[in-house]
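Below, each chain spelled out in residue letters.
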Amino acid sequence: MGVLTRYGKYLPVSEKTPAVNLEEGSTPLVRLDRIGGELGIELWAKLEGCNPSGSFKDRGMVLAFAKALEDGARAFVCASTGNTSASAAAYAAHVGAPCYVLLPSGKVALGKLAQALIYGARVISVEGNFDRALEMAREAAELKKIAIVNSVNPYRIISQKTGAWEICETLGQAPDLHVVPVGNAGNISAYWAGYRDFNAWGRISALPKMIGVQAEGAAPLATGKPCPNPETVATAIRIGNPVGAKTAIEAVSGSGGFFETVTDGEILDAQKTLASRAGIFAEPASCATLAGLVKLAAAGKLPGGSKTVIVLTGNGLKDPDAAVSRVGPPVKIGGTLDELLGVMT
Ligand SMILES: *Cc1c(COP(=O)(O)O)cnc(C)c1O
């Protein structure tokens, strides 16, 4: 059941809103007992990489497209570190509309680039970083009167609240800690708004603490300082000037949570841990969440037994280069059985 079907009565949709549906949302919430046990907490992972284009972006994109079509939009534009473009290109293809995507040159994971291209978007590589590409997309949208589907589009954030609603419905309550990677800071704001909705509607009785994790090289919110040249292996959160800064800060401070930073090395270690100890392959940005928890546990700052949800925002297959950089190549042998038995240790 897609997001607009499952949650239409809580979203700004009417009979006039086109029923866009790629069966996004309703993603698995998986309990990770091995890793949780080591950290001394009850750990759950929300597998947003199971969405149709492989990231949580589909949750918001479906409503952004539906509302834009309702308003008569004929074409779509976005700037992206990769997953927004993959998602926008998928929905544009699904509804039969043209889509322009602006990508910062050379900094997009291969899987995401392949997605935007194969879905048939007009893919434009921009010299400069994400923040510059977004400025250009906003100006072009205004001039050409086409719909911009970045998270400046309010429907994206509204519809991303469904992630929090699903977690509450599955657990029957909110977690104690909600941990999410922060790039442009839309998702953390959406989750917090979603939990607050469910609290206001009497569906949960307590709110989680929100923990926003940033990469050390792209940590404007964690440090409180602008970051003109963001750098990290986690390209999805390689953002120096988050559009959602204000609401993200409100989410963190309003919930009694905090921001945290992790290094690229810690991110890739956490990616390996999730894959090899839980069977879950998530992209580097997603793994910043577990890296953050590992760091907190080591510092004795993780309350024992906390019911904790990490949002694994995107699928690991999108960025195979990052994973291979951490684990190295396969064992090579010739074609004999002896050689094979020799390496089966
Ligand atoms: C977009 C994205 C993020 C960052 O989310 P924001 O809403 O920009 O903070 C994190 N991880 C992945 C995989 C993403 O695609």
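What counts as what
- Residues numbered from 1 in each chain as written.
- Predicted model: local features only at pLDDT ≥ 70, side-chain atom pairs only at ≥ 80, totals over all residues.
- Heavy atoms only, no water.
- Helix = DSSP H or I, 4+ residues; strand = E, 2+ residues; numbered from the N terminus.
- Rg over C-alpha atoms; globule rule 2.2 N^0.38 Å.
- Contact = heavy atoms within 4.5 Å.
- Areas by Shrake-Rupley, 256 points an atom, 1.4 Å probe, with all protein chains shown as cover.
- Lys, Arg positive; Asp, Glu negative; His and termini not counted.
- Charge placed at Lys NZ, Arg CZ, Asp CG, Glu CD.
- Near = heavy atom within 4 Å.
- Polar contact = N/O pair within 3.5 Å; in protein donor to acceptor, adjacent residues only side chain to side chain.
- Nonpolar A, V, L, I, M, F, W, Y, C, P; charged D, E, K, R; others polar.

**Student:** For this particular structure, what's the right way to read the overall build of the chain?
**Tutor:** When helices and strands are counted, the chain shows 15 helices and 10 strands. Computed over C-alpha atoms, the radius of gyration of the chain comes to 20 Å, within 12% of the 20 Å expected from 2.2 N^0.38 for 345 residues, which places it in the range of a compact globule. If you line up the chain on its principal axes, its C-alpha atoms span 65 × 55 × 40 Å. Partitioning the contacts of the chain with sequence separation of at least 6, the portion at a separation of at least 24 is 71%. Carbon together with sulfur atoms contributes 54% to the accessible area of the chain, which is approximately 14500 Å² in total. Charged side chains of the chain number 33 positive and 31 negative; the gap between the two group centres comes to 4 Å.

**Student:** What's the story with the site of the ligand in this structure? I'm lost.
**Tutor:** In the region of the ligand, 16 residues are neighbours, and Lys57, Asn83, Asn184, Ala185 and Thr313 sit closest. One of the side-chain N or O atoms of asparagine 83 is found 2.7 Å from an oxygen atom in the ligand. Contact between the ligand and asparagine 184: an oxygen atom at 2.8 Å from a main-chain N or O atom of the residue. When the free accessible area of the ligand is taken as 380 Å², the share hidden by the protein chains comes to 96%. A per-class count over the shell around the ligand returns 7 nonpolar, 7 polar and 2 charged.

**Student:** Help me understand the environment of alanine 133, please; the structure alone is not making it clear to me.
**Tutor:** With respect to the secondary-structure elements, alanine 133 resides in helix α6 (residues 130–144). Sequence separation of alanine 133 and glycine 49 is 84 residues, and the distance between their C-alpha atoms is 25 Å. Setting aside its immediate chain neighbours within four residues, alanine 133 contacts Ala79, Leu102 and Val126.

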